[in-house]
Amino acid sequence: MNAFYEHHKDSIEFGYRCFDRLLLNGLIQPFQQPERVLGFFNTYRDGKRVTHRALTEIADQFLYWVKNRSQKWAAPIVEAPEEERRDDFVLKYMQGAEADQVAVILKAREPARILVAIGGKDNDSPHLEFKQRWVNQYNFYLNDKHWGPLFVRMSPYFPFSARVCLNQHHWLAIRMRQEGIDFEQCKNAFLRCSKPERLQELADSLTTRDLLQCGQKWLTAFTPFFTSRERHEVGCQHRLFFSQVEYCDNLIFFRRAAVDEFAERLLDTNRTIGQPKKITMIFGRKVTKQYKGKLQTVIEDLDLPNPVIRSHYGHGFAKQYVRDSRLLRTEPATNDVRDYGVNKNVENLPRLRQRMSEIIDNYHNAQQDLLETFVDRGQLRKLAEPTTLANGKRIPGLKLDHPRQLAVMHALVRFANIAAGSTFTTSEVYAPALDALGSNASQYSLASFRYDLSKLRAKGLVEKVPHSRRYRLIGKGYSVCVIFLKLFERVYAPLTAGLLKPFASDHKLARDKRSELDRLYQCIVDDLTALLLAVGLKTAA
């Protein structure tokens, strides 16, 4: 349980986590080496030469087989739509599909890694290489008896690269029906469940074996080129690897108003705290100089009832949005699970689930720090007082309006540090501090930065990681930094600007056209002006 859930639990009806989209790449590992392909044909195909013509004949045989199966299954072969989402396009075909029935086959030109023969005549052995080519591939949309709607994409070219797309929501729906659990499903989400604890137990029970049984059953059925003997002796069976993974946390609230209230606050906070266009995602991975991926949080309008907060990291992102009125979804996704320190083989499913769940907890905890930051009574004054260390050294206190100190805090609360395992070195946060201060190294040296950091260490907000050069925020260090930034940037600075140097054009703007924050600030400014006049004071012109 994270801080976000703990704080809002009275408003939450139930919640659950599960894998959403699981896109698995399938390849026959023995045939990823050209020499082993030659050995296979020599041993099991009477020494047939692997020429360009032979490879073309294999692809043609697959095409004839697909056409034959299409007629037998009553599953039409249709061109994939160019603009409409494929999942929406195939709905009319999938309706009423029986268990383990192929409903439709989409034909689409897509990139695939295929074996090509270079040079040599028909009776000679040419040079074999793997190349990336755009070829016609076939997407089999079907209704699996254990997984429900899914699709399998097959390349007709040797060695038959493949892709399997699964969704755990459909898998869970089948399991809950089997156990007689009452629920309401809306596409890939559950809006109501009579036994939410059992729902989570079922979600966590998904194993690698469940993936392999489904994937290998259909990949075997869609590669008729190999005989049973060849599969048994040579291992002509696809191995499965994670290609794209989405893991979602779903919180269903009692009332939509409760969701909208804090969703608006989250959006507003992400626009102002910690320089949102530069903050990074909370993926718990160290960001080094060799990192080349995108590190950014953006707010997108995708024509949904609420905007989407999307945070990019490496080959993936995490997004958070409201859907179906009462559901808040937080969903990390990636096209390369190695960004999370997990290998691609599907045997690593438990580790991947753990890592993606940790990302969600980190995301929620950081957001709750932004939403609700509290400092105990009297603590603010203590933070401003000097600190005397055990060796007698006197360290100045923290000042609310000190530019250098605020710049250091800006650098410390960036999500990039959480992505690096919630630790940092002085060199890693020095550049962001310079940027926040608007200075260069000649004006604000690294030594000065370390001196300002020592003030936070003296207050017990930052500690040095033993036996390393890294530091981390501890206790309420993150919250204290955030509240200093909030007080200065969102209370003192805006009010001071409104009093001393207001924009003349603001007064001409109709009140109902101003943002809520601007209206609230203006109310405070007006009340302060009235107070100053009442006590016989007035602001400087």
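Preceding this paragraph is the structure being described.
Structure report, in brief. Keep in mind that what you see is a predicted model, and the values were worked out from it rather than measured. (Residues numbered from 1 in each chain as written. Predicted model: local features only at pLDDT ≥ 70, side-chain atom pairs only at ≥ 80, totals over all residues. Heavy atoms only, no water.)

**Notes on the environment of A99**
Working step 1: The topology assignment puts A99 in the loop between helix 5 (91-94) and strand 3 (101-118).
Working step 2: As a C-alpha pair, A99 and P149 span 50 residues in sequence and 9.6 Å in three-dimensional space.
Working step 3: If sequence neighbours within four positions are ignored, A99 has contacts with N143 and K145. (Helix = DSSP H or I, 4+ residues; strand = E, 2+ residues; numbered from the N terminus. Contact = heavy atoms within 4.5 Å.)

**Comments concerning the side chain of S357**
Working step 1: Note on placement: S357 falls in helix 11 (residues 349-371).
Working step 2: Looking at S357, the relative accessible area reads 18%, which means it is buried.
Working step 3: Residues contacting S357, with those up to four places away along its chain left out, are R17 and Y247. (Buried < 20%, exposed > 50% of the residue type's maximum accessible area, 1.4 Å probe, protein only.)

**Structural notes on the packing of aromatic side chains**
Working step 1: The final tally for this structure, using the stated rule, is 35 aromatic pairs.
Working step 2: Measuring from centroid to centroid gives 6.1 Å for W65 and W73, while their planes differ by 85°, and the two rings are edge-to-face.
Working step 3: By relative accessible area, W65 is classed as buried at 17%.
Working step 4: With a relative accessible area of 24%, W73 lands in the partly exposed category.
Working step 5: Measuring from centroid to centroid gives 6.3 Å for F158 and F226, while their planes differ by 55°, and the two rings are tilted. One end of the pair, F158, is in the loop between strand 5 (148-154) and strand 6 (162-167); the other, F226, is in the loop between helix 8 (208-221) and helix 9 (228-234), with 68 residues separating them in the sequence.
Working step 6: Accessibility expressed as a relative area gives 2% for F158, which makes it buried. (Phe/Tyr/Trp six-rings, centres within 6.5 Å; stacked < 30°, edge-to-face > 60°.)

**Section: the packing of helix 13 (residues 403-412) against helix 16 (residues 446-458)**
Angle between the axes and distance between the axes: these two values describe a pair of packed helices.
Working step 1: At their nearest, the axes of helix 13 and helix 16 sit 10 Å apart, and the two run at 80° to each other. By the angle between their directions, the pair helix 13 and helix 16 is classed as roughly perpendicular. Residues R404, V408, M409 and L412 of helix 13 form the contact with helix 16, whose own contacting residues are S448, F449, Y451, D452, L453 and L456.
Working step 2: Of the residues assigned to the contact of helix 13 with helix 16, the class counts are 7 nonpolar, 1 polar and 2 charged. (Axes fitted to C-alpha atoms, helices over the stretch in contact; angles between N-to-C directions. Parallel < 35°, antiparallel > 145°, perpendicular 65-115°, else oblique. Nonpolar A, V, L, I, M, F, W, Y, C, P; charged D, E, K, R; others polar.)

**Side note on the pairing of strand 1 (residues 12-27)**
Working step 1: Summarising the sheet, strand 1 and strand 9 (residues 239-253) pair through 13 bridges and their orientation is antiparallel. When the bridges of strand 9 are listed, G26 appears paired with L240.
Working step 2: Relative to strand 6, strand 1 is paired through 6 bridges, and the arrangement is antiparallel. Following the sheet pairing, R21 is matched in strand 6 by N167. (Pairing = 2+ DSSP bridges.)

**Focus: the packing of helix 6 (residues 168-178) against helix 7 (residues 196-204)**
Working step 1: Following both chains from N to C, one finds helix 6 and helix 7 inclined at 125°, their axes separated by 10 Å at the closest point. In this view, helix 6 runs oblique relative to helix 7, as classed from their interaxial angle. When you trace helix 6 past helix 7, the crossing you get is right-handed. Mapping the contact onto sequence places Q168, W171, L172, R175 and M176 in helix 6 and L199, L202 and A203 in helix 7.
Working step 2: Its residues assigned to classes, the contact of helix 6 with helix 7 shows 6 nonpolar, 1 polar and 1 charged. (Left-handed = near helix turned anticlockwise from the far one by under 90°.)

**Things to note about the pattern of salt bridges**
Working step 1: Under the criterion given, the structure shown has 26 salt bridges.
Working step 2: Two residues, R45 and E230, come together in a salt bridge whose shortest N-O distance is 2.9 Å. In this pair, R45 sits in the loop between helix 2 (34-44) and helix 3 (52-73) while E230 sits in helix 9, placing the two residues 185 residues apart along the sequence.
Working step 3: On the basis of relative accessibility, which here comes to 21%, the residue R45 falls in the partly exposed class. (Salt bridge = Lys/Arg side-chain N within 4 Å of Asp/Glu carboxyl O.)

**A word on the side chain of Q168**
Working step 1: Mapped onto the secondary structure, Q168 falls in helix 6.
Working step 2: Residue classification places Q168 among the buried positions, given a relative accessible area of 0%.
Working step 3: For Q168, the side chain forms a polar contact with the main-chain nitrogen of F19, separated by 2.8 Å.
Working step 4: Residues in contact with Q168, not counting those within four places in the same chain, are C18, F19, D20, W147, L202, A203 and L206. (Polar contact = N/O pair within 3.5 Å; in protein donor to acceptor, adjacent residues only side chain to side chain.)

**A short note on a positive patch on the surface**
Working step 1: On the surface, a cluster of positive charge is made up of R450, R457, K464 and R469.
Working step 2: Here R469 lies in the loop between strand 16 (462-464) and strand 17 (471-473). (Patch = residues over 30% accessible without salt bridge, like charges linked within 9 Å, V, L, I, M, F, W, Y side chains within 5 Å. Areas by Shrake-Rupley, 256 points an atom, 1.4 Å probe, with all protein chains shown as cover. Lys, Arg positive; Asp, Glu negative; His and termini not counted. Charge placed at Lys NZ, Arg CZ, Asp CG, Glu CD.)

**Description of the environment of G235**
Working step 1: Within the element layout of this structure, G235 appears in the loop between helix 9 and strand 9.
Working step 2: For G235, a relative accessible area of 29% puts it in the partly exposed group.
Working step 3: Sequence separation between G235 and Q29 is 206 residues; the distance between their C-alpha atoms is 8.4 Å.
Working step 4: Non-local contacts of G235, meaning those with residues more than four positions away in its chain, are made with I28, P30 and E230.

**Things to note about the nonpolar core**
Within soluble globular proteins, side chains that are nonpolar tend to cluster in buried spots.
Working step 1: One finds F140, F158 and F242 to be the most contacted residues of the largest nonpolar core, which totals 75 residues.
Working step 2: Excluding its chain neighbours within four sequence positions, the residues that come into contact with F242 are L22, L23, L24, L211, V337, N343, K344, N345, V346, N348, L349 and L352.
Working step 3: Core analysis: the next-biggest nonpolar cluster, separate from the first, contains 21 residues, A411, L412, A433 and C481 among them. (Core = buried A, V, L, I, M, F, W, Y, C linked by side-chain atoms within 4.5 Å.)

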